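Fold and contact review
What follows is the residue order along each chain.
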Amino acid sequence: MTTVTEHQLSPQALSLIPLFYIGWSDSVLSPSEMKLIHRKIESMSFLNPEEKAYLIRYTNPQNPPSPEVFRFWLDSLRTAAMNMPTDQKQSLAQLALDIARASQSGQLNPADEPALGKALTELEQELGIDTEEDLLAMLKQLDAPHLSSQPKLASFEAKAMQAILDGPRAATVNAVRQLLKDPFFQAGILRDKEEHRSRILEMTTELAKQGYGSLAYPNEYGGKGDMGEYIAIFQTLATHNLSLTVKFGVQFGLFGGAVYHLGTEKHHRKYLEPTGTTDLLGCFAMTETGHGSNVKDLETTATYDHATRSIVVNSPHFGAGKEYIGNALHGSMAAVFAQLIVDGVSHGIHCVLVPYRDSTGDLLPGIEVKDCGYKLGLNGVDNGRLWFNQVRVPVDNLLNRYGDIDVQGKYISPIENPNKRFFTMLGALVGGRICVGLGGLGATKTALTIAIRYALKRRQFAPKDGEMETLLMDYPTHQQRLIPLLVKTYVYHFALNRLGETYAKAKADDMREIETQAAGLKAMATWHTTHAIQECREACGGKGYLAENNFADLKADSDIFTTFEGDNTVLLQLVAKGLLTEFKQSFHDDGFLAVMRYLGGRIGQTLTTYNSYFTGNTDMEHLMSAEFHADALRYRQERTLIALSDRMRKYLGKRLGPYEAFLKCQVHMVNLAKAYVENLAYTEMTTAIKSLPASQERAMLEKMAAYYALNTISDDKGWYLESGYMSGDKSKAIRRAQGKMTQELRPEVEELVAAFGISDASLDAEILNWARP
């Protein structure tokens with residue numbers, strides 16, 4: 001069969017260009033779109049075989065159009081679009097006919113127009129294209145005349161704000177959003193776990209086919225070597241379906257990440273590519289029944305046998321079994337974290353790849369797997385328990401970046417200190433913690449979008465009989481419930497995304513600070529998620545309780561985020577320990593004693609004493625100033641740090657051991673960590689804002705940063721009053737400023753949630769279709 005070029009296409013074939021342009025301008029063609037377009041093209045009798053082959057070639061996600069082909073499509077569209085009349089609505093099908101009529105490769109027979117128009121309209125409808133919305137979007141891209149939109153109440157443009165939120169990953173994020181609109185990715189309400197798991201596995205495999213599974217891996221293994229792209233996809237999936245998000249994260253982030261970050265070239269060469277395509281399904285076997293947060297004391301053993309150059313993996317008792325392991329039922333290989341024993345000496349936690357199913361799916365000898373059964377949520381994820389009974393694997397299955405066994409059977413490591421080696425290994429996996437925080441925020445954005453859009457439609461109670469009832473969003477109590485949560489979501493978005501970009505480009509020396517920030521932000525962001533989704537559910541009343549409105553799944557699926565990848569309370573203690581040593585390497589190497597040495601140097605340190613004018617200043621310009629906000633949040637963090645240091649020093653002076661002193665101060669450590677994260681989140685957002693050019697969007701973000709700061713200060717007003725940082729009058733003035741700002745933000749909320757860019761398909765809430773008859 002001869003091939004044709006775009007310049008040789010008939011007018012009928014050229015008429016399909018708008019539909020192809022829409023698909024590829026989003027850099028994605030979904031599986032349902034591909035099947036439908038294939039079927040329609042094959043049924044079009046007015047196309048010859050060469051033209052059908054040309055068109056079908058460009059429905060393959062792995063075969064995007066070249067820049068030259070895309071430019072031809074674009075020029076054809078622009079020519080037709082510029083000639084469109086501006087005084088009437090037109091469809092994409094009509095634009096397609098205009099292109100066919102203007103073709104220079106041949107004349108369109110007027111007698112063929114009705115059949116062609118009918119075929120184009122049917123294809124447009126079956127693809128679910130919103131005629132007016134997609135046409136206007138295309139014409140705007142082409143700088144063609146288009147219909148003006150309705151005026152907005154907001155002071156900024158949602159699309160411009162969305163571009164700021166999406167940042168440098170906008171192209172990838174928008175491609176994933178477009179893909180998720182496809183019916184293939186709509187799970188609906190599934191309450192049978194086997195059916196649910198099967199659908200989520202199918203979706204995960206399709207994401208891999210689109211090339212998203214391997215983005216964080218090097219180019220030679222099918223990826224782009226870009227962890228930032230992976231993080232962007234993860235948080236976008238979280239606005240759509242959390243079971244899919246977690247399944248995606250387990251397969252490509254946890255299992256694949258363990259191979260990539262803890263393994264060496266031999267492991268990369270053998271396992272990364274099949275992991276990225278889902279030809280190899282794996283799981284991340286760290287947590288045990290008896291040990292969750294305490295990874296260092298896991299009880300699974302990996303004992304080296306020099307005679308056979310093999311490692312024997314064993315669960316010494318029931319409590320040492322691996323627990324809550326995602327992908328356990330679908331997977332065939334586990335990245336098992338165990339105590340590595342060589343010559344009778346334990347060298348601490350290492351990771352070993354253990355196959356546990358054969359090619360037919362049967363369990364291998366010595367392996368026991370049990371289904372965790374139904375959970376509170378995330379029932380689309382196949383969590384299970386694993387036990388190993390003297391399972392032997394080759395020594396090459398040891399992921400040996402930080403610890404290896406040489407040909408003489410001796411343990412070797414580039415990091416001599418065992419504690420340093422352990423924390424370095426865990427630090428390599430910190431990306432998962434960042435993703436969990438962002439995943440929680442994704443669910444929060446979905447909940448807020450549903451609740452606020454509903455509140456902008458739903459009315460209740462009228463001022464007088466016969467008058468229109470009041471919108472829910474116009475009640476001050478409703479504003480106070482939702483607007484602070486919306487603003488805090490923006491703040492954590494900037495903080496976590498900036499941390500994600502830092503992590504994606506980090507060097508070894510940066511990891512200690514990144515680990516501390518990731519632990520703190522993950523904890524505070526996921527607690528925020530739990531609170532925000534509950535408040536959004538209540539704000540929707542009984543409608544929010546219906547499964548069809550998505551809150552049931554949002555609540556149940558996100559609840560675990562507060563404890564996986566680290567229990568939040570434990571994580572905040574880790575943050576406090578890092579702060580107590582000012583992120584010094586010696587703490588991580590030497591444990592409690594390093595902290596004690598540091599504390600000894602803090603004796604006698606004092607903070608600036610604030611004068612009465614400052615503590616009582618109620619001037620609005622002062623209260624709204626970024627200088628006041630930054631000073632207040634920083635002051636609380638530093639004052640709490642010094643108070644905690646002094647408290648611990650006193651306990652040690654009473655001859656308490658370091659561990660007992662830490663136990664006495666646990667609550668104070670959590671308070672310090674919270675103060676640190678609140679300051680960190682504000683600082684990261686304001687730093688991001690400073691990098692933006694002057695615009696209405698920047699002004700809105702500055703206003704939200706100020707609102708977040710005042711809310712945070714007010715939430716902790718008891719501490720500020722006790723510490724003498726501000727007077728009672730100043731506290732009251734801050735409360736008044738908060739109320740005023742809440743009212744000022746009311747007209748902005750519709751566009752603020754629109755800027756999250758979440759489609760109705762991802763929101764999946766029937767409540768949004770509600771309208772009073």
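Whatever comes next refers back to the structure up there.
Summary of the structure given here. (Residues numbered from 1 in each chain as written. Predicted model: local features only at pLDDT ≥ 70, side-chain atom pairs only at ≥ 80, totals over all residues. Heavy atoms only, no water.)

**Observations regarding the overall build of the protein**
To keep things clear, this is the line we draw: What counts as a helix is a DSSP run of H or I of at least four residues, what counts as a strand is a run of E of at least two, and both are numbered from the N terminus. Type-normalised accessible area, obtained with a 1.4 Å probe on protein chains alone, sets the label of each residue: buried when under 20%, exposed when over 50%, and partly exposed for intermediate values. What makes two residues a contact is simply this: any of their non-hydrogen atoms within 4.5 Å.
Across its full length, the protein holds 32 helices and 13 strands. Counting all 773 residues of the protein, 55% fall into the buried class. Across the protein, every contact between residues at least 6 apart in sequence was considered, and the portion connecting residues at least 24 apart equals 74%.

**Brief notes about unusual backbone geometry**
If a residue is not glycine, its phi is most likely negative; likewise, a peptide bond is most likely trans. Although it is not a glycine, Asp343 sits at a positive phi angle of roughly 55°. Tracing the backbone through its elements, the reader meets Asp343 in the loop between β5 (333–342) and β6 (345–355). For Asp343, a relative accessible area of 57% puts it in the exposed group. The phi dihedral of Gln390 falls on the positive side, at around 55°, and the residue is not glycine. Within the secondary structure layout, Gln390 lies in the loop between β8 (384–388) and β9 (391–394).

**Brief notes about the pattern of salt bridges**
Just so we agree on the cut-off: What makes a salt bridge here is a side-chain nitrogen of Lys or Arg within 4 Å of a carboxyl oxygen of Asp or Glu, nothing more.
Within this structure, the stated rule accounts for 32 salt bridges. With its nearest N and O atoms 2.6 Å apart, the salt bridge here joins Asp382 to Lys247. In this pair, Asp382 sits in the loop between β7 (367–371) and β8 while Lys247 sits in helix α13 (residues 242–262), placing the two residues 135 residues apart along the sequence. Per residue, the accessibility class of Asp382 equals that of Lys247, and both read buried. The partner of Glu684 in a salt bridge is Arg498, and the shortest N-O contact between them spans 2.8 Å. Placement of the pair is Glu684 in helix α27 (residues 666–690) and Arg498 in helix α17 (residues 476–504), with a sequence separation of 186 residues. Residues joined by salt bridges that share partners form a network here, namely Arg169, Asp226, Glu229 and Glu501.

**Quick look at the sheet that holds β7**
Keep this limit in mind: The criterion for strand pairing is that DSSP finds at least two bridges linking the strands in question. To get an axis, a line is fitted to the C-alpha atoms, and for a helix only the part in contact is used. The angle between two axes follows their N-to-C directions and goes from 0 to 180 degrees.
Pairing in this open sheet of 3 strands is antiparallel, and the strands run β4-β8-β7 from one edge to the other. The outermost strands of the open sheet, each flanked by one partner alone, are β4 (322–325) and β7. Adjacent strand axes in the sheet meet at a mean angle of 20°, parallel and antiparallel pairs treated alike. Where β7 lies against β8, 5 bridges are found, and the strand directions are antiparallel. The residue of β8 that forms the bridge with Glu368 is Trp387.

**Looking at the side chain of Asn711**
The condition that has to hold: Contacts described as polar in this section are N or O atom pairs within 3.5 Å, which, within protein, must combine one atom able to donate a hydrogen with one able to accept it, while residues neighboring in sequence count only if both atoms come from side chains.
In this fold, Asn711 is placed in helix α28 (residues 696–715). Residue Asn711 is classed as buried on the basis of its relative accessible area of 10%. Polar side-chain contacts of Asn711 include one of 2.5 Å to the side chain of Gln738. Those residues in contact with Asn711 that sit more than four places away from it in its chain are Pro484 and Gln738.

**Comments concerning the pairing of β6**
If a strand is regular, its side chains alternate between the two faces of the sheet. Two elements, β5 and β6, share 9 bridges in a ladder whose sense is antiparallel. Bridged to Val342 within β6 is Val345.

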